[in-house]
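# Observations on the model geometry
So the chains spell out like this:
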Amino acid sequence: MKTKSILAALLVLLSIKMAQAQESKSLSLEEVVKLALTTSDASKINGSQIDLAKNELSITKNMQYPDLNISGQYRYLTNADVKLQIPLNSSEGSEGSADQSSSSPNVNGLLFGAADISMPIFSGFKLKNSVSASENKLQASIFNAANDQEKLALQAIQIYLNLYKANATIDLVKDNLKSADQRVKDFTNMEENGLLARNDLLKAQLQQANIELSLANAKKNAQILNYNLNALLKLPEDTTINTDVSAITPIAATLPNISQRNDLQALNYQEEALQDQIKIAKGDYYPSLALVGGYVALDLNNALTVTNAMNIGVGLSYNVSSLFKTKAKVRLAENQLEEMSYRIDQATSQAKVNAQNALAEYNLALDTFEVYEVSEEQAVENYRIVKDKYDNGLSDTNDLLEADVQQLQTRINLAYAKADITQKYYELLSAEGVLTNQFSQN
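For the protein chain, the name recorded in an unreviewed UniProt entry is Outer membrane protein TolC, with Leeuwenhoekiella marinoflava as its organism. The annotation that UniProt attaches to the protein chain under Sequence similarities (unreviewed entry) is "Belongs to the outer membrane factor (OMF) (TC 1.B.17) family." According to UniProt, the comment filed for the protein chain under the heading Subcellular location (unreviewed entry) is "Cell outer membrane".

What follows is the structure, encoded as structure tokens:
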């Protein structure tokens, strides 16, 4: 007995410790979305895409600046035969000249240093258009990242509302299970006293078992959704999130406006970048012109020293093959631009369809909620009437159990309908491209 008491005490302490280890956190829908947009891995990836585009733009802009190259070399020479082609001293006699021409200095080293600078002046407007293309790509990246943030916010909303549904189901099923447990106890007493057929008791027990299975399934769904939400928000895995859905004020049915959709604006900037690519391709038709200059220093050991050899000039280059190669590049760029134009038309049409569907789904959610409100009231009243009849022997067990199931189902439907109004409302905002704006304003 003493051992059993100790084990029981240890189990109680262990359960208390486990309960304390599991942190319970109440989060509103707004808080969940803001956490997803700032702390999740997906939000960080979206931010890095913008940084990547900014760095690519910086690299392109740097191409406009001069290139400065500095080089130096030292080489050891063996048996170098050095012959000067100019007289060393014109004032000396012929005897001295003969001596110098007949002898060769001992040259065993070469030291060479140079500095070259090149400043692009004209390159067929390719540099200018490359910068413009990179700027448009940066804007496209910004809007693509904003569109990904919209998707991330909607994903967080959907997981949160599904978790709310699972938690609401658990609460409602638990209440119903209490009634089912009490009913089984009452029926058991009645059956033992010969006041109830055993078949009716078995029906009540079967319903009790089904409710227990429904509760276990709801708990499983809540556990999975809770874990997924913790992973998305970078919260500790054992955090239990308490959900709450505030009522959404119904909005008037108006035609959706898709002008602010980030994905469409990103496509427009991509189109402008492709227009720049055509100009870049056409730039190959023109020669490249650059301002060049430099400095050279040379020391050929015991033979020659050159210093202060400054130079400046103009460099011109032209690839003659561009006359026939560039035409294919331009045609390819034009085809890419044409394809992008078709993609924009397709995306715009699909966005309009999605927005109209989202508006219809939202209006349906409003109507559904009103229907379920009435249905829930009717189911509760129906159960009350059937229960009263059953207590007075005017109704059988099947009617009572069926009315109880209908009452539970309508309550679950009403809880789901409330969450659906919220979800469809935010899906409508997402279809219009203003979902994240809704949370940034708060």
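There is more to say after this.
Next up on the list: the nonpolar core. With 53 residues, the main nonpolar core has Val 32, Ile 157, Leu 229, Leu 232, Leu 233, Tyr 426 and Leu 435 as its most contacted residues. Secondary structure elements with two or more residues in this core: helix H2 (29–39), helix H5 (126–192), helix H6 (198–233), helix H8 (322–391), helix H9 (397–432) and helix H10 (435–440). The greatest single-element share of this core, amounting to 15 residues, is contributed by H5. When neighbours within four sequence positions are excluded, Leu 232 is seen to be in contact with Ser 40, Leu 152, Gln 155, Ala 156 and Ile 159. Counting residues in each nonpolar core, the second largest holds 10 residues, with Val 184, Leu 196, Leu 201 and Ala 403 among its members.

Under the criterion given, the structure shown has 12 salt bridges. Glu 30 is the salt-bridge partner of Lys 34, the closest N and O atoms lying 2.9 Å from each other. In this pair, Lys 34 and Glu 30 both sit in helix H2, 4 residues apart, roughly one turn of the helix. The partly exposed category is assigned to Glu 30, whose relative accessible area is 28%. Across the pair Lys 165 and Asp 420 runs a salt bridge, and its minimum N-O distance is 2.7 Å. Placement of Lys 165 in helix H5 and of Asp 420 in helix H9 is noted, with a sequence separation of 255 residues between them.

Moving on: the packing of H6 against H9. The N-to-C vectors of H6 and H9 enclose an angle of 15°; their axes lie 10 Å apart at closest approach. Here H9 runs roughly parallel to H6, going by the angle between their axes. Handedness of the H6/H9 crossing: right-handed. Between H6, through Asp 200, Lys 203, Ala 204 and Gln 207, and H9, the contact on the second element is made entirely by Thr 397, Asn 398, Leu 401, Asp 404 and Val 405. In the contact of H6 with H9, the residues fall into 3 nonpolar, 3 polar and 3 charged.

Let's shift gears to the side chain of Ser 123. Note on placement: Ser 123 falls in the loop between strand S3 (109–122) and H5. Ignoring any residue separated from it by four or fewer positions in sequence, one finds Ser 123 in contact with Gly 283, Pro 287 and Ser 288.

Residues Asp 367, Glu 370, Glu 373 and Glu 377 make up a contiguous surface patch of negative charge. Relative to the helices and strands, Glu 377 resides in helix H8. Its relative accessible area of 54% is what places Glu 377 among the exposed residues.

Two strands pair when backbone bridges link them, and S3 and strand S5 (residues 288–300) are joined in this way by 12 bridges, in the antiparallel orientation. Note that in S5 the partner of Ala 114 across the bridge is Val 296. Pairing between S5 and strand S6 (residues 304–317): 12 bridges, direction antiparallel. Residue pairing in the sheet places Ala 290 in a bridge with Gly 315 of S6. Counting the residues between successive antiparallel strands, the hairpin from S5 to S6 contains 3 residues, one of them, Asn 302, with a positive phi of roughly 65°.

Cut-offs applied
- Residues numbered from 1 in each chain as written.
- Predicted model: local features only at pLDDT ≥ 70, side-chain atom pairs only at ≥ 80, totals over all residues.
- Heavy atoms only, no water.
- UniProt positions renumbered as here; feature names shortened; annotations may be inferred.
- Core = buried A, V, L, I, M, F, W, Y, C linked by side-chain atoms within 4.5 Å.
- Buried < 20%, exposed > 50% of the residue type's maximum accessible area, 1.4 Å probe, protein only.
- Helix = DSSP H or I, 4+ residues; strand = E, 2+ residues; numbered from the N terminus.
- Contact = heavy atoms within 4.5 Å.
- Salt bridge = Lys/Arg side-chain N within 4 Å of Asp/Glu carboxyl O.
- Axes fitted to C-alpha atoms, helices over the stretch in contact; angles between N-to-C directions.
- Parallel < 35°, antiparallel > 145°, perpendicular 65-115°, else oblique.
- Left-handed = near helix turned anticlockwise from the far one by under 90°.
- Nonpolar A, V, L, I, M, F, W, Y, C, P; charged D, E, K, R; others polar.
- Patch = residues over 30% accessible without salt bridge, like charges linked within 9 Å, V, L, I, M, F, W, Y side chains within 5 Å.
- Areas by Shrake-Rupley, 256 points an atom, 1.4 Å probe, with all protein chains shown as cover.
- Lys, Arg positive; Asp, Glu negative; His and termini not counted.
- Charge placed at Lys NZ, Arg CZ, Asp CG, Glu CD.
- Pairing = 2+ DSSP bridges.

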